[in-house]
Each structure stands twice: as structure tokens, then as C-alpha cells.
Amino acid sequence: MTESHQLDADKYENDPELEKIRKERNYSWMDIITICKDKLPNYEEKIKMFYEEHLHLDEEIRYILDGSGYFDVRDAEDRWVRISMEKGDMITLPAGIYHRFTLDEQNYVKAMRLFVGDPVWTAYNRPADHFEARGQYVEFLAQTAA
Ligand code: KMT
Ligand code: NI
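Every value quoted in this text rests on a predicted model; they were computed, and no experiment measured them.

So, on to the site of ligand 1. Every residue close to ligand 1 is listed here: Ile 35, Phe 50, Glu 60, Arg 62, Ile 64, Phe 101 and Ala 111. A distance of 2.9 Å separates an oxygen atom of ligand 1 from a polar side-chain atom of Arg 62. Taking 290 Å² as the accessible area of ligand 1 by itself, protein coverage stands at 97%. With respect to the detected pockets, ligand 1 is housed in the largest pocket. Here the shell around ligand 1 takes three residues from strand 4 (residues 60–74), the largest share from any one element. Taken together, the residues of the shell around ligand 1 break down into five nonpolar, no polar and two charged.

On to helix 3 (residues 132–145), then. An ideal rise of 1.5 Å per residue puts 20 Å on 14 residues; helix 3 measures up with 20 Å between its terminal C-alpha atoms. The set of residues buried in helix 3 consists of Ala 133, Arg 134, Tyr 137 and Leu 141. The arc enclosing the buried residues of helix 3, seen along the axis, measures out at 100 degrees, which places them on a common side. Structural note: helix 3 exposes Glu 132 and Gln 143 on the side pointing more than 90 degrees away from its buried face. Turning to helix 3, the residues buried within the fold contact strand 3 (54–55).

Before going further, it helps to examine the environment of Gly 69. Relative to the helices and strands, Gly 69 is located in strand 4. Residue classification places Gly 69 among the buried residues on the basis of a relative accessible area of 1%. Sequence-wise, Gly 69 and Tyr 108 are 39 residues apart; in three dimensions their C-alpha atoms are separated by 7.8 Å. Leave out the neighbours within four places in its chain, and Gly 69 touches Ile 83, Ser 84, Met 85, Phe 101, Thr 102, Leu 103 and Asp 104.

Before going further, it helps to spend a moment on empty space enclosed by the protein. Tallied over the entire structure, the rule returns one cavity of 30 Å³ or more. In this model, the largest cavity occupies a volume close to 60 Å³. If you trace the largest cavity, you find it lined by His 56, Asp 58, Glu 59, Glu 60, Ile 61, Arg 62, Leu 114, Phe 115, Val 120 and Trp 121. Within the residue set of the lining of the largest cavity, elements represented by two or more residues are strand 4 and strand 8 (109–115). Counting residues per element, the lining of the largest cavity draws most heavily on strand 4, at three residues. Classifying every residue of the lining of the largest cavity gives five nonpolar, one polar and four charged.

On to the UniProt feature "binding site: Fe(2+)" (unreviewed entry) in the chain. Following the UniProt record, the feature "binding site: Fe(2+)" (unreviewed entry) maps to His 54, His 56, Glu 60 and His 99 here. A maximum C-alpha distance of 11.5 Å places the annotated residues, which cover 46 residues in sequence, within one compact spot. Within this annotated set, the largest cavity is lined by His 56 and Glu 60. Structurally, the position occupied by His 56 is in the loop between strand 3 and strand 4. Once you skip the residues sitting within four places of it in the chain, His 56 turns out to touch Ala 95, Gly 96, His 99, Trp 121, Thr 122, Ala 123 and Ala 133. One polar contact links His 56 to His 54, side chain to side chain, over a distance of 3.1 Å. As for its position among the elements, His 99 is in strand 7 (residues 99–103). Residues in contact with His 99, not counting those within four places in the same chain, are Glu 52, Glu 53, His 54, Leu 55, His 56, Glu 60, Asp 72, Val 73, Trp 80 and Leu 93. Only 2.9 Å separates the side chain of His 99 from the side chain of Glu 60, close enough to count as a polar contact.

What counts, and where the lines are drawn
- Residues numbered from 1 in each chain as written.
- Chains lettered and ligands numbered in written order.
- Predicted model: local features only at pLDDT ≥ 70, side-chain atom pairs only at ≥ 80, totals over all residues.
- Heavy atoms only, no water.
- Near = heavy atom within 4 Å.
- Polar contact = N/O pair within 3.5 Å; in protein donor to acceptor, adjacent residues only side chain to side chain.
- Areas by Shrake-Rupley, 256 points an atom, 1.4 Å probe, with all protein chains shown as cover.
- 1 Å grid on protein atoms, 1.4 Å probe; cavity = no way out; pocket = protein on both sides within 12 Å on 5 of 7 lines; lining within 4 Å.
- Sits in = over half its atoms within 2 Å of the grid points.
- Helix = DSSP H or I, 4+ residues; strand = E, 2+ residues; numbered from the N terminus.
- Nonpolar A, V, L, I, M, F, W, Y, C, P; charged D, E, K, R; others polar.
- Expected span 1.5 Å × (residues − 1).
- Buried < 20%, exposed > 50% of the residue type's maximum accessible area, 1.4 Å probe, protein only.
- Arc of directions from axis to C-beta.
- Contact = heavy atoms within 4.5 Å.
- Points joined across faces, edges and corners; volume = space filled by probe spheres on them.
- UniProt positions renumbered as here; feature names shortened; annotations may be inferred.

Right, here's the structure in full:
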């Protein structure tokens, strides 16, 4: 469903393991986002958007460099599964999966965002079942359950 990796976040600027993943997965694009009240413009609004249940038409790849937070994803029975993300954790959410993100009590995360080609950040709040990416993901879930 989701895929994850453990890396050494202290050497993200020069890490052969990270480079290997990026090459294999074609994660050509990247930036670093810091989510905390003083550093992120429109913090309140963005935090709210991140925590709305949504999907994307592409993979969402995040690598936690510092701080922590939670990704909640829907399982095959449409129940929330909370994934605790800490320094060194990388996660790939497939296109079409319903999910949301929230900070924890630390109220701080620094994360690398990776993307296959030019990034598209558009989030489609639920319900967004008519997209092909959603149909493909549902199909994939059905096959893994069988
Ligand atoms: C997202 O898309 O949910 C974000 O960029 C915020 C989380 S980054 C750990
Ligand atoms: Ni998202």
C-alpha cells in the first residue's frame, strides 16, 4: 500500500542510498519544506489543508529530515491507519490513496519533498472517486486482497 525506507537524515546532502532511490524511482525533483509557525507562510491555512482527507494524481514522497508528524492513510476497509514519521523516515504514498498529514506536539517538521518530474501539488479532497488514479489504486487494492 505505502512504501517506506529508513535513511540517515544527517547526511541527506551526500547520501548514496538516497541517490540510489532517486535514480531507481525517477525522483528527479526535490525541495525542502519546513513546517512550523514561524517559517511557513500561511501556516494555519496550510496545516488545515494538509489535514483534510485528499488524494493526488501522482505519488506523494516525503523524507523527514528533522522533527516529526503523522501521515494518516485509509486501509483497504477504509479505516484510518496512523503512520508516525520521524527523522530518517521516507514514505511513498501511491497516487489515488486517501490520506492526510498532521504535526504532533513538537509542531515542527523539516521534510524533503520528492517528485517524478515537475511537481503538481493539487490535492483533491474526498470525495474524488472519479479520477483514473483513484480507480487504478482501488483496483490495485482489490488485487492485493485477493
Ligand atoms: C503534504 O503534502 O502533506 C505536505 O507537504 C506536508 C507534509 S510534509 C511531511
Ligand atoms: Ni497529500
